Amino acid sequence: MKETTLLWLLSVTSLLCCTTNQARLTMIPSFSQLFEDDFVSLSCEEDDSSAGWTVRRTTTRQQMSQCGDGWGKVGGSACNISYMDPLESGVYWCESREGSTSNSITITVTGGAVILQSPVLPVMEGHNVSLRCQTKRPPSKLPAKFFKDDVFIGTEPTGHMTIHHVTKSDEGLYKCHISSHGESPPSWIYVTEKPSVPAVPPTSAAPPSVFTSFQLGFRPVLHLVVFCPYFISTLLMVSLYRHRPTDQSPLNNMTTTLSNQPKQDLTEE
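Parameters at a glance
Residues numbered from 1 in each chain as written. Predicted model: local features only at pLDDT ≥ 70, side-chain atom pairs only at ≥ 80, totals over all residues. Heavy atoms only, no water. Helix = DSSP H or I, 4+ residues; strand = E, 2+ residues; numbered from the N terminus. Buried < 20%, exposed > 50% of the residue type's maximum accessible area, 1.4 Å probe, protein only. Contact = heavy atoms within 4.5 Å. Areas by Shrake-Rupley, 256 points an atom, 1.4 Å probe, with all protein chains shown as cover. Pairing = 2+ DSSP bridges. pLDDT = per-residue confidence, 0-100. Phe/Tyr/Trp six-rings, centres within 6.5 Å; stacked < 30°, edge-to-face > 60°. Lys NZ or Arg CZ within 6 Å of the ring centre and 35° of its normal. Axes fitted to C-alpha atoms, helices over the stretch in contact; angles between N-to-C directions. Disulfide = S-S within 2.5 Å. Polar contact = N/O pair within 3.5 Å; in protein donor to acceptor, adjacent residues only side chain to side chain.

## Remarks on the overall build of the chain
Argument step 1. Assigned secondary structure in the chain consists of three helices and 19 strands.
Argument step 2. By residue count, 32% of the 269 residues in the chain fall in the buried class.
Argument step 3. Of the contacts formed within the chain by residues at least 6 apart in sequence, a portion of 61% connects residues at least 24 apart.
Argument step 4. Summed over its atoms, the accessible surface of the chain is roughly 17,400 Å², and 61% of this surface lies on carbon and sulfur atoms.

Dropping the structure here:
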């Protein structure tokens with residue numbers, strides 16, 4: 001009977017998880033298992049306050065109903081339950097006036113002496129999961145055995161187990177056991193896939209701006225303007241040097257003048 005009820009609750013949860021979320025249901029304390037007489041606060045974190053989100057539930061003893069209809073106390077978009085009863089175990093979610101639904105939360109309330117404090121919301125791949133096997137009164141740190149899908153996975157001396165870097169394979173039904181106190185109810189831990197980061201294609205070089213294009217086009221012209229006078233001057237000097245008359249060079253004229261000067265002096269005398 002308990003297995004059938006659990007499977008029924010899980011099926012309802014899976015149906016609610018497929019809806020489009022416009023609000024998010026959160027819970028304080030954020031554990032999937034509670035002791036009888038515990039206090040719970042459920043809140044609809046809404047994107048649109050005008051949608052009129054309310055907390056609803058389906059339990060083992062009652063079909064779908066909303067907060068304030070025989071259970072809980074409404075406070076805006078929140079629902080406070082001051083006294084949890086084992087018969088209030090079930091699936092809780094937020095729903096708007098138009099019928100949109102949020103994520104769902106499965107709560108298990110026990111009248112026993114041991115609970116497994118596990119995350120009430122799905123855990124993303126790569127994150128750590130903390131599991132704590134807890135007794136009712138007083139809270140204690142006793143050695144506890146942990147099980148996943150009824151398979152023993154380890155003993156922790158303080159009743160606290162951490163699963164590092166969870167993957168989809170860590171999803172399953174967990175419970176714990178403390179000697180001389182008893183065993184906790186099972187709770188399902190959901191693991192969501194880590195969103196993949198799309199590969200960024202190599203971006204082509206941005207087209208140059210108008211000013212940059214002007215600079216790129218003007219720079220060769222500027223180089224030509226600066227270089228051409230030197231180049232032309234060099235060509236002219238080389239050309240003049242190659243085409244100068246060899247017998248009219250200043251050096252030859254000076255030599256001829258100096259050689260003729262003594263002859264002219266002798267003639268005058």
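## Digging into the pairing of strand β7 (residues 78-81)
Argument step 1. Pairing between strand β3 (residues 40-46) and β7: four bridges, direction antiparallel. The residue bridging S41 from the neighbouring strand is N80, located in β7.
Argument step 2. Hairpin connection, strand β6 (residues 73-75) to β7: the antiparallel pair is bridged by two residues, and G76 has positive phi, about 70°.

## Some thoughts on the confidence of the model for the chain
Argument step 1. Across the chain, pLDDT averages 77, with 63% of residues at or above 70.
Argument step 2. By mean pLDDT, helix α1 (residues 2-17) is the weakest element of the chain at 45, and strand β13 (residues 144-148) is the strongest at 97.
Argument step 3. Counting interchain partners and residues more than four positions distant, the pLDDT-below-50 stretch residues 6-21 has 26 contacts.
Argument step 4. In the model, residues 261-269 has pLDDT below 50 throughout and makes zero contacts with residues more than four positions away in sequence or in other chains.

## Structural notes on the sheet that holds strand β9 (residues 101-110)
In a beta sheet, neighbouring strands are held together by backbone hydrogen bonds and run either parallel or antiparallel to one another.
Argument step 1. Sheet architecture is open: five strands sit in the order β2-β9-β8-β4-β5, paired in mixed fashion. What marks the edges here is a single partner per strand, and that holds for β2 (33-35) and β5 (65-66).
Argument step 2. Here strand β4 (residues 54-59) pairs with β5 via two bridges, running antiparallel. Among the inter-strand pairings, R56 is bridged to a residue of β5, identified as Q66.

## Topic: the packing of aromatic side chains
Argument step 1. Counted under the stated rule, the structure contains three aromatic pairs.
Argument step 2. Relative to F152, the ring of F147 has its centre 5.8 Å away and its plane inclined at 65°; by these criteria the two rings are edge-to-face.
Argument step 3. Look at F147 and you get buried, because its relative accessible area is 17%.
Argument step 4. Overall, the relative accessible area of 45% leaves F152 in the partly exposed class.
Argument step 5. For R57, the ring lying beneath its charged end belongs to W71, and the centroid distance is 4.1 Å.

## Description of the sheet that holds β6
Argument step 1. Pairing in this open sheet of four strands is antiparallel, and the strands run β1-β3-β7-β6 from one edge to the other. Whereas interior strands pair on both sides, the edge strands pair on one side only; in this sheet they are β1 (23-28) and β6. Each strand axis lies, on average, 20° off the axis of its neighbour in the sheet, ignoring direction.

## What about the state of the cysteines?
Argument step 1. Scanning the model with the defined rule gives three disulfides in all.
Argument step 2. Residue pairing for C44: its cysteine sulfur links by disulfide to C94, the two sulfurs lying 2.0 Å apart. Every disulfide takes its handedness from the sign of the S-S torsion; for C44 and C94 that torsion is -100°, giving left-handed. Linking C44 in strand β3 with C94 in strand β8 (residues 90-95), this pair joins segments that are 50 residues apart in sequence. For the residue pair C44 and C94, the accessibility class agrees, reading buried in each case.
Argument step 3. Linked covalently through their sulfurs, C133 and C176 form a disulfide whose S-S length is 2.1 Å. An S-S torsion of about 80° defines the bridge between C133 and C176 as right-handed. You can see C133 sitting in strand β12 (residues 129-135) and its partner C176 sitting in strand β16 (residues 172-178), a full 43 residues away along the chain. Each member of the pair, C133 as well as C176, carries the same accessibility label: buried.
Argument step 4. What links to what in the chain: the bonded cysteines, counted in sequence order, pair as 1-4, 2-3, 5-6.

## Some thoughts on the environment of N80
Argument step 1. With respect to the helices and strands, the residue N80 is situated in strand β7.
Argument step 2. Spatially, the C-alpha atoms of N80 and L42 are 6.3 Å apart, while their sequence positions differ by 38 residues.
Argument step 3. Leave out the neighbours within four places in its chain, and N80 touches F39, V40, S41, G72 and K73.
Argument step 4. Side-chain polar atoms of N80 contact the side chain of S41, separated by 2.8 Å.

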